[in-house]
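Residue-level listing of the chains:
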Amino acid sequence: GAGVSQSPSNKVTEKGKDVELRCDPISGHTALYWYRQSLGQGLEFLIYFQGNSAPDKSGLPSDRFSAERTGGSVSTLTIQRTQQEDSAVYLCASSLGQAKNIQYFGAGTRLSVL
Amino acid sequence: LAKTTQPISMDSYEGQEVNITCSHNNIATNDYITWYQQFPSQGPRFIIQGYKTKVTNEVASLFIPADRKSSTLSLPRVSLSDTAVYYCLVTRGSTLGRLYFGRGTQLTVWP
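Residues numbered from 1 in each chain as written. Chains lettered and ligands numbered in written order. Predicted model: local features only at pLDDT ≥ 70, side-chain atom pairs only at ≥ 80, totals over all residues. Heavy atoms only, no water.

Asker: Could you give me a rundown of the sheet that holds strand E9 (residues 105-110) of chain B, with the residues and numbers involved?
Answerer: All names here are of chain B. Here five strands make up an open sheet; going across it, the order is E1-E9-E8-E3-E4 and the pairing mixed. Looking along the sheet, the strands with just one partner apiece sit at the ends: strand E1 (9-13) and strand E4 (45-50). Pairwise comparison of adjacent strand axes, ignoring direction, gives a mean angle of 25 degrees for this sheet. As judged from the eight bridges shared by strand E3 (residues 31-38) and strand E8 (residues 84-92), these two strands associate in the antiparallel manner. Bridge assignment links tyrosine 36 to a residue of E8, and that residue is tyrosine 87. (Pairing = 2+ DSSP bridges. Helix = DSSP H or I, 4+ residues; strand = E, 2+ residues; numbered from the N terminus. Axes fitted to C-alpha atoms, helices over the stretch in contact; angles between N-to-C directions.)

Asker: Give a detailed account of the sheet that holds strand E2 (residues 18-23) of chain B, specifying residues and quantitative values.
Answerer: Residue and element names in this part refer to chain B. Pairing in this open sheet of four strands is antiparallel, and the strands run E2-E7-E6-E5 from one edge to the other. With one partner strand each, in any of the chains shown, E2 and strand E5 (53-56) form the two edges of the open sheet. Between one strand axis and the next, the sheet turns through 15 degrees on average, direction left out of account. With three bridges connecting them, strand E6 (residues 61-64) and strand E7 (residues 70-75) associate as antiparallel partners. Looking at E7, one finds that leucine 62 is bridged to leucine 73.

Asker: How would you summarise the interface of chain A and chain B if you had to cite specific residues and measurements?
Answerer: Between chain A and chain B, the residue contacts involve 25 residues of the former and 21 residues of the latter. Summed over both partners, the interface of chain A with chain B comes to about 1800 Å²; 53% of that surface belongs to carbon and sulfur atoms. Together, A:Leu43, A:Lys100 and A:Asn101 form the three largest contributors to the area buried by chain A at its contact with chain B, with a combined 29%. Connecting chain A to chain B are one salt bridge. We note a salt bridge from A:Asp56 to B:Arg98, for which the minimum N-O separation is 3.5 Å. Linking chain A with chain B are nine residue pairs in polar contact (both at pLDDT 80 or more), by the criterion used here. Secondary-structure elements contributing two or more residues to the side of chain A that touches chain B are strand E4 (31-37) and strand E5 (43-50) of chain A. When residues of the side of chain A that touches chain B are assigned to their parent elements, the largest contribution, four residues, is made by E5(A). (Contact = heavy atoms within 4.5 Å. Buried area = accessible area lost by both parts, 1.4 Å probe. Salt bridge = Lys/Arg side-chain N within 4 Å of Asp/Glu carboxyl O. Polar contact = N/O pair within 3.5 Å; in protein donor to acceptor, adjacent residues only side chain to side chain.)

Asker: Hey, could you go over the side chain of B:Ser71 for me, with residue numbers and the actual values?
Answerer: Residues and elements named next belong to chain B. Mapping serine 71 onto the fold places it in strand E7. Accessibility expressed as a relative area gives 1% for serine 71, which makes it buried. At 3.0 Å, the side chain of serine 71 forms a polar contact with the side chain of histidine 24. The contacts of serine 71, once residues within four sequence positions are left out, are Ile20, Thr21, Cys22, His24, Ile33, Trp35, Leu62, Phe63, Ile64 and Cys88. (Buried < 20%, exposed > 50% of the residue type's maximum accessible area, 1.4 Å probe, protein only.)

Asker: For the state of the cysteines, give the residues involved together with the corresponding values.
Answerer: In protein structure, a disulfide is the covalent linkage between the sulfur atoms of two cysteines. Inspection of the entire model under this criterion finds two disulfides over all chains. Across the disulfide, A:Cys23 is cross-linked to A:Cys92 (sulfur-sulfur distance 1.9 Å). Disulfide A:Cys23 to A:Cys92: torsion about the S-S bond roughly -65 degrees, handedness left-handed. Here A:Cys23, found in strand E3 (residues 19-24), pairs with A:Cys92, found in strand E9 (residues 88-95); they are 69 residues apart in sequence, far enough to count as distant. Taking relative accessible area as the criterion, A:Cys92 reaches 0% and is therefore assigned buried. Here B:Cys22 connects covalently by a disulfide to B:Cys88, the sulfurs 2.1 Å from one another. What sets the handedness of the B:Cys22 and B:Cys88 disulfide is the S-S torsion sign, and at about -80 degrees it is left-handed. You can see B:Cys22 sitting in strand E2 and its partner B:Cys88 sitting in strand E8, a full 66 residues away along the chain. B:Cys88 matches B:Cys22 in its accessibility class, with the two residues each being buried. (Disulfide = S-S within 2.5 Å.)

Keep in mind these values describe shape, not function.
Right, here's the structure in full:
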């Protein structure tokens, strides 16, 4: 596709439920990143993939958060047993995996945990 | 990576030139300066990246002095649609990985 695509654009869930967020990167981009942004805050890094491997997942806030990437393309971020503090916009970015590290972002998934 | 400092907010009027300055005193030799723009309900958008001197594209110019301890993003003749948050980042030229976003500068353009 022309850009990074994320789905759903909005997700409302109840506390304790599991959610899956999807990211479809720009075709040919080998690196994929997940960030989250709470209201009025900067971006918080979650995890980074190079191909299907995750060299850096140090930003995942707890073991309720996990992510995978298959076929070097689509990635899924899963949040188990959601809590109200998980409410945020979850942003995905991709890059060519080359020097200078220019990342291209999707529009995000707005997660609301009631 | 070097920490960046930029103003929290700026105001301007349509048609004016806006300069947003960012300081990065501890920038390393192989680091680049990169600027992103973010509109409400959207992800950040790459604007411009530079290493030294001046870089210009269709959107903005980036001025970096010889000591590289600061940089200035220049937006010519802003319009209402330039109202956004602008982030200054230091990015390592030789490696990949996370980007470090601060709070950015909220630019508000008034009619």
